[in-house]
Amino acid sequence: MTKTARTAVITAHGQPSDPDPAEAALARLAAEVAAHLPAWDVRSATLATPGRLEQGMAKDTVVYPFFMSQGWFTAKVLPDRLQGRSYRMAAPFGLDAALPALAAGAVRQAAEGQGWPLAETHLLLAAHGSARGPKAAEAAESFAARLRPLLPRCAVSPGYVEQAPNVESAATALPACSICLPFFAQAGDHVKQDIPQALEAAGFQGLLLPVTGALPGIPALIADGIRAAARDQTAAG
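Residues numbered from 1 in each chain as written. Predicted model: local features only at pLDDT ≥ 70, side-chain atom pairs only at ≥ 80, totals over all residues. Heavy atoms only, no water.

Student: What is the right way to look at the overall build of the protein in this model?
Tutor: Check the secondary structure of the protein and you find 8 helices and 8 strands. Along the three orthogonal principal directions, the C-alpha set of the protein runs to about 60 × 30 × 30 Å. Within the protein, the proportion of its 237 residues that are buried is 48%. Each charge class in the protein was averaged separately, 19 positive and 20 negative side chains, and the resulting centres sit 10 Å apart. (Helix = DSSP H or I, 4+ residues; strand = E, 2+ residues; numbered from the N terminus. Buried < 20%, exposed > 50% of the residue type's maximum accessible area, 1.4 Å probe, protein only. Lys, Arg positive; Asp, Glu negative; His and termini not counted. Charge placed at Lys NZ, Arg CZ, Asp CG, Glu CD.)

Student: I keep staring at the sheet that holds strand β4 (residues 87-89) and nothing clicks. Help me out?
Tutor: In a beta sheet, neighbouring strands are held together by backbone hydrogen bonds and run either parallel or antiparallel to one another. One open sheet accounts for 4 strands, arranged β2-β1-β3-β4; its pairing is parallel. The two strands at the open ends of the sheet, each matched to only one other strand, are β2 (40-46) and β4. Within this sheet the neighbouring strands show an average axis-to-axis angle of 25°, counted without direction. Bridge count between strand β1 (residues 6-12) and β2: 7 bridges; the pairing is parallel. Paired with I10 across the bridge in β2 is S44. (Pairing = 2+ DSSP bridges. Axes fitted to C-alpha atoms, helices over the stretch in contact; angles between N-to-C directions.)

Student: I'm lost on the pattern of salt bridges in this one. Help?
Tutor: Opposite charge on two side chains permits them to pair, given that their charged atoms come into close proximity. A complete count under the given rule lists 5 salt bridges for this structure. Of the charged contacts in the structure, one is a salt bridge between E23 and R52, with a shortest N-O distance of 2.8 Å. Of this pair, E23 sits in helix α1 (residues 19-34) while R52 sits in helix α2 (residues 52-55), placing them 29 residues apart in sequence. Accessibility expressed as a relative area gives 8% for E23, which makes it buried. We note a salt bridge from D41 to R43, for which the minimum N-O separation is 2.7 Å. A residue is classified by how much of its surface remains accessible, and R43, at 28% relative accessible area, is partly exposed. (Salt bridge = Lys/Arg side-chain N within 4 Å of Asp/Glu carboxyl O.)

Student: Just to check I follow, could you spell out the environment of P210 for this structure?
Tutor: Secondary-structure assignment places P210 in the loop between β8 (207-208) and α8 (218-236). Under the relative-accessibility criterion, P210 is labelled partly exposed at 47%. Sequence separation of P210 and P182 is 28 residues, and the distance between their C-alpha atoms is 7.0 Å.

Student: Explanation requested: the nonpolar core in the structure shown.
Tutor: As a rule of thumb, nonpolar side chains are buried together in soluble globular proteins. I10, F66, F93, I222 and I226 are the most contacted members of the largest nonpolar core, which totals 53 residues. Top element by residues in this core is helix α4 (residues 99-114). It accounts for 8 residues. Excluding its chain neighbours within four sequence positions, the residues that come into contact with I10 are L26, A30, V33, V42, R43, S44, A45, Y64, F66, I222 and I226. Within the second largest apolar cluster, 15 residues are counted, among which are A126, A170, L199 and F204. (Core = buried A, V, L, I, M, F, W, Y, C linked by side-chain atoms within 4.5 Å. Contact = heavy atoms within 4.5 Å.)

The structure is reproduced here in structure tokens:
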């Protein structure tokens, strides 16, 4: 008898104003994650597409929140939408203990590619932030704190889209040897429009990296997070 595959659903906020591109991007990521989980049925669903999350659920599904913090969506919206279903929630992407080392590697590689010594490089962490609660900024600040020991003598500072200090003010007067890492899971309007516009307004002359959720090594990291949640689910009975 063939063993039934475990189900995992990677879920993200998506783009309510234009759901299809973000939905397609998340589906591509799910396919990359599936390559690391051959015994799993790995699905994807953004919250912006009505009903897609609920349709993707199966018995004892592992839900992987492709979010940067344990905020409103992971702590309230997802549990409300999944009420009455059997599932295990993995830790949010942005809180994964392995993510700082992966991001630090990308920053070091980018600096080396430009010929910039780390001691002369400034890293701007461009994050979402929120005027409605502290969780988003707390996650970004925690991430920055975990990055600093991994990037010796590289200055690391955050800037936010929706709270102070905003990205423009944080980027103003940064040295030419600066790297901006968008602390976002998906490349929505904030990453494609708001952050580049803020950097341009600040006269930023440095390097803008891909969104954190698109850095090399992310599919394997997500697969590890799904496995860890499944182990916890099994241990809990």
